[in-house]
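Each chain, written out:
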Amino acid sequence: MRLKKPHISPGSWLLAVASGCLLTLIFPKSHLWMLSFFALVPLMTAISNKTARESFFLGFAAGVIHFCSLIYWLVPTLHQYGGLHPVLATIILCLLSAYLALYPAVFAFLCRKSNFGPAWFPIMAACLWVSLEYIRTYAFSGFAWGLIGYSQSDNRVLIQSADLTGVYGISFLIVLI
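Residues numbered from 1 in each chain as written. Predicted model: local features only at pLDDT ≥ 70, side-chain atom pairs only at ≥ 80, totals over all residues. Heavy atoms only, no water.

### Thoughts on the overall build of the protein chain
Rules: Numbering of helices and strands runs from the N terminus, with a helix taken as a DSSP run of H or I at least four residues long and a strand as a DSSP run of E at least two residues long. Between the two quantities, the radius of gyration covers C-alpha atoms and the globule rule is 2.2 Å times the number of residues to the power 0.38. Partly exposed residues are those whose accessible area sits between 20% and 50% of the maximum for their type, while under 20% is buried and over 50% is exposed, using a 1.4 Å probe and protein chains only.
Secondary structure assignment for the protein chain yields seven helices and zero strands. Each helix (α) and strand (β) of the protein chain, taken in turn from the N terminus, gives the series α-α-α-α-α-α-α. For a compact globule of 177 residues, the expected C-alpha radius of gyration is about 16 Å, and the protein chain comes in at 17 Å, within 12% of that figure. Summarising its shape, the C-alpha atoms of the protein chain cover approximately 50 × 50 × 30 Å along the three principal directions. Expressed as a percentage of the 177 residues in the protein chain, the buried residues total 38%.

Printed below as a string of structure tokens:
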């Protein structure tokens, strides 16, 4: 049995890339925290009429764009302080980004695979996102960099709830909205 090659339109790829870029733009250095509430909208739009397999690839693309642009600083750090050749440091960045991109890919896959219904979907998607962030934080020695809840560090009103819920509660609220 041959696997059918996924057919994903250029527009869907563009939406996934837009989501990856928005996910990076929401972090504190750019002061665009308000975009966090819309960062996943392009990805969710792109996967809305796709198969679960195609959704996985779109989520992976969004994740690669997001993590390559978010943790770009690894290349000069590994080169300058780790003594690695810039090419090797870039390969490490790409491999780490590919690993981290599996989490948005699984999120997109499970969102399409699930049958929660429109009433439960926002809550279940938020639970799924936060669960994957939690796993990413602690699996394989963890990588907690870039949790979506951290984007709200400049939002003095919303960040107050982190005292009760932690960063995962903030992430849940962002994805829920």
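### Notes on helix H1 (residues 10–25)
We apply this condition: The length a helix should cover is 1.5 Å for every residue beyond the first. Directions are taken from the helix axis to each C-beta atom, and the arc is the one they span. Two residues form a contact once any of their heavy atoms are found within 4.5 Å.
Counted at 1.5 Å a residue, the expected span for H1 with its 16 residues is 22 Å, and the 22 Å between its end C-alpha atoms agrees. Considered for burial, the residues of H1 that qualify are Ser 12, Ala 16, Ser 19, Gly 20, Leu 23 and Thr 24. Down the axis of H1, the buried side of the element spans an arc of 140°, and every buried residue falls inside it. Across H1 from its buried face, at more than 90 degrees, point the exposed residues Pro 10 and Leu 14. Of the surrounding secondary structure, the elements contacted by the buried residues of H1 are helix H2 (41–47) and helix H3 (52–70).

### A short note on the packing of aromatic side chains
How we decide: Note on aromatic pairs: the rings of Phe, Tyr and Trp (six-membered ring only in Trp) are paired at centre separations within 6.5 Å, and the planes decide the class, stacked below 30 degrees, edge-to-face beyond 60, tilted for the rest.
Considering all chains together, one arrives at seven aromatic pairs under this definition. Seen in terms of ring centroids, Tyr 99 and Tyr 103 are 5.5 Å apart; in terms of plane orientation they differ by 90°. Their pairing is edge-to-face. With a gap of four residues between them, Tyr 99 and Tyr 103 both fall in helix H5 (residues 86–113), about one helical turn apart. Both rings, one in Tyr 134 and one in Tyr 138, keep their centres 4.9 Å apart while their planes meet at 50°; by these two values the pair is tilted. Of this pair, Tyr 134 and Tyr 138 both sit in helix H6 (residues 121–138), separated by four residues, roughly a single helical turn. Classification of Tyr 134 as partly exposed rests on a relative accessible area of 45%. Taken together, the ring pairs in this structure connect Tyr 99, Tyr 103 and Phe 140 into an aromatic cluster.

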